[in-house]
Amino acid sequence: MNNPFKHFFALSLLTLLQPVALAENASTWLTEGEAALQANKAQLPNTNRAKNIILFIGDGMGVSTVTAARIFEGQQNGEDGERNQLSFEQFPYVALSKTYSANQQTADSAPTMTAIVSGVKTNSGIISLNQSVHSKETDNNKIQANKVTTILEQAEMHGLATGIISTARITHATPAATYAHTSNRNWETDAHLPKSALKSGVKDIASQLIDNFGEHGIGDGIEVVLGGGRTNFLPNNRIDTEYPSKKGKRQDGRNLIKEYQIKFKAKYITNLTEFEAIKPKNTSRLLGLFEPSHMQYEYDRNNAQKNEPSLAEMTRKSIDILAKNNKGYFLMVEAARIDHASHAGNAYRTLSETVALSNAVKAALAKVNTEETLIIVTADHSHTLTIGGYPKRGNPILGNVVSPDNTAPTLAKDGKPYTTISFANGKGYHHHNIDAEAAHAGRSKALKPTDTQDPDFHQEANVPLESETHGGEDVAIYAIGPQAYLMRGVQEQTYIYQVMKEAFGF
């Protein structure tokens, strides 16, 4: 099958991924610029209707994070990091998304993901309800009256297969926004609901994954659900299968995992061995919950006993299962822990998680035909990660700033070196476990040159906070496939939904 991405991809590799050893001169940039121009001129809009849509969310993946991850990946591979490209950076269409919510300049994941999947902006902490609902509203009648319809729900209504993948709890804000409707993103299990909400009939997020679909609900149920968050689905007297010290959190006695298996005739898995044993041709529905809470960071997954699949592996298997539906499918894939690592001020894991997302996109591209599959890669919001100083070309992106004329780190006015990457706020510098306690905001310590590239190094921060915050600037949208050419300009975040709806022809 003809795949226009292959032509664009080949030109991108030829012109943009030159080896470090090649000398650059004025003709280098002119020649490559001309080649890039011709590649763009040859790119024709794909006006087909999309059979399938894959929406990739890099949670907290701001433009500076993408830039740093691009360099990080290249340097990790022994290549020219500045000239490297992540898989989705090679897409032909790019736009910017305005991420403010209905009531905040800098938003959280609940309203931003709601905007992406429903086309409606809402308030902080609200999941797939409109902005007339106040945070923590306990009146179920108000909640039900102000629900917004998501693209996943529309796909279910039209008989398409649907899937959700996240490296966070599957009840966390971003994945939850595709299927649940609630006034508080933290109401992930019934134990989190106030008594007034329970009395009113408000449902927790985990229960909505079952109750909102199939009989007496929408469509026939989500075919593939892969992520973390087992304890939100299990009763509080049930011991976790992998962690004997942990129990379920549910107080209503429901075992939602069993209910999902029975209602949707789904297979259930909890680890990598079981995941690898799943054969898509023999599997119509799959529920995989690999951790009591969030899944492991990619770095930790690779450097410990591997017991859960990577984001790329989950993406490949999900596509194989969903593609059996002749009508098509909608799949949401979230690299959630980009966000968590940034909140902790740990740039190494922020960047390695972003590379993991790029690998998942690459895995999807190898599986699908972009003549019929629209792929969108975007972020729900940014973070305060910054790239600063005047480091020389090829300087380690996680290293101290070294200028082109020096071999020793550049010193700040206080006589201490400083790193290229820092965060505007947060706990600040420490060199320990990612969730460690120490907080050294500002310039309280001299950084050892060898410390800064360690995976457990936490970058400096200016404003002292318990946790680094989101950033409020625009984020990028990358697109390829049917109707991808509509992704251009500076758009409200709600526009992403409009393009998906248009591509599906809903």
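Residues numbered from 1 in each chain as written. Predicted model: local features only at pLDDT ≥ 70, side-chain atom pairs only at ≥ 80, totals over all residues. Heavy atoms only, no water.

*Asks:* Can you tell me about the confidence of the model for the protein chain, naming the residues and giving the values?
*Replies:* Of the residues in the protein chain, 93% reach a pLDDT of 70 or more, and the chain-wide mean stands at 93. By mean pLDDT, helix α1 (residues 4–16) is the weakest element of the protein chain at 42, and strand β1 (residues 52–58) is the strongest at 99. The model gives residues 1–21 a pLDDT under 50, and that stretch makes 38 contacts with residues more than four places away or in other chains. (pLDDT = per-residue confidence, 0-100. Helix = DSSP H or I, 4+ residues; strand = E, 2+ residues; numbered from the N terminus. Contact = heavy atoms within 4.5 Å.)

*Asks:* Provide a residue-level description of the sheet that holds strand β14 (residues 461–464), including the pertinent values.
*Replies:* Taken together, the 3 strands give an open sheet; going across it, the order is β10-β11-β14, and neighbouring strands pair in mixed fashion. In this open sheet, the two strands that pair with only one neighbour each are β10 (385–387) and β14. Across the sheet, the mean angle separating the axes of adjacent strands is 20° when strand polarity is ignored. As paired elements, strand β11 (residues 421–426) and β14 share 3 bridges and run parallel to each other. Bridging from a neighbouring strand, Asn-425 pairs with Val-463 of β14. Sheet strands touched by helix α3 (residues 63–76): β10 and β11. Its angle to β10, the strand with the most contacts, is close to 55°. (Pairing = 2+ DSSP bridges. Axes fitted to C-alpha atoms, helices over the stretch in contact; angles between N-to-C directions.)

*Asks:* Talk me through helix α13 (residues 311–322); I want residue IDs and the actual numbers.
*Replies:* Given a rise of 1.5 Å per residue, 12 residues ought to cover 16 Å, and the 16 Å separating the end C-alpha atoms of α13 matches this to within 8%. The buried fraction of α13 amounts to 9 of the 12 residues, a majority that puts the element mostly inside the structure. All buried positions along α13 are accounted for by Leu-311, Ala-312, Met-314, Thr-315, Lys-317, Ser-318, Ile-319, Ile-321 and Leu-322. (Expected span 1.5 Å × (residues − 1). Buried < 20%, exposed > 50% of the residue type's maximum accessible area, 1.4 Å probe, protein only.)

*Asks:* Any details on the sheet that holds β1? Residues and values, ideally.
*Replies:* Sheet strands pair via backbone hydrogen bonds, and the direction of the pair is either parallel or antiparallel. Across the sheet, which stays open at both edges, the 10 strands sit in the order β5-β6-β4-β3-β7-β1-β8-β16-β2-β17 with mixed pairing between neighbours. Whereas interior strands pair on both sides, the edge strands pair on one side only; in this sheet they are β5 (267–269) and β17 (490–492). Taking the axes of each pair of neighbouring strands and ignoring which way they run, one obtains an average angle of 15° across the sheet. Against the sheet, helix α15 (residues 347–367) contacts β1, β7 (329–335), β8 (373–378) and β16 (475–480), and its axis sits at roughly 170° relative to β1.

*Asks:* Outline the nonpolar core, supporting the account with residue identities and numerical values.
*Replies:* One finds Ile-54, Phe-56, Phe-88, Phe-91, Leu-357, Ile-375 and Val-377 to be the most contacted residues of the largest nonpolar core, which totals 56 residues. Considering each element in turn, this core owes the most residues, 10 residues, to α15. Among all residues touching Phe-56, those that are not within four sequence positions of it are Thr-315, Val-333, Leu-357, Ala-360, Val-361, Ala-364, Ile-375, Ile-376, Val-377 and Thr-378. Judged by nonpolar contacts, the second largest core, of 54 residues, contains Ile-151, Leu-152, Ala-155 and Ala-173. (Core = buried A, V, L, I, M, F, W, Y, C linked by side-chain atoms within 4.5 Å.)

*Asks:* Quick rundown of the pattern of salt bridges? Include the residues and the values.
*Replies:* Counting across every chain of the model gives 25 salt bridges. Glu-24 is the salt-bridge partner of Arg-393, the closest N and O atoms lying 3.0 Å from each other. In this pair, Arg-393 is assigned in the loop between β10 and β11 and Glu-24 in the loop between α1 and α2 (26–42), connecting sequence segments 369 residues apart. Taking the relative accessible area as the measure of exposure, Arg-393 reaches 43% and is therefore partly exposed. Across the pair Asp-204 and Arg-250 runs a salt bridge, and its minimum N-O distance is 2.8 Å. Highlighted residues: Asp-204 in the loop between α8 (195–200) and α9 (205–211) and Arg-250 in the loop between β4 (224–228) and α10 (256–264), separated in sequence by 46 residues. Each member of the pair, Asp-204 together with Arg-250, is buried. (Salt bridge = Lys/Arg side-chain N within 4 Å of Asp/Glu carboxyl O.)

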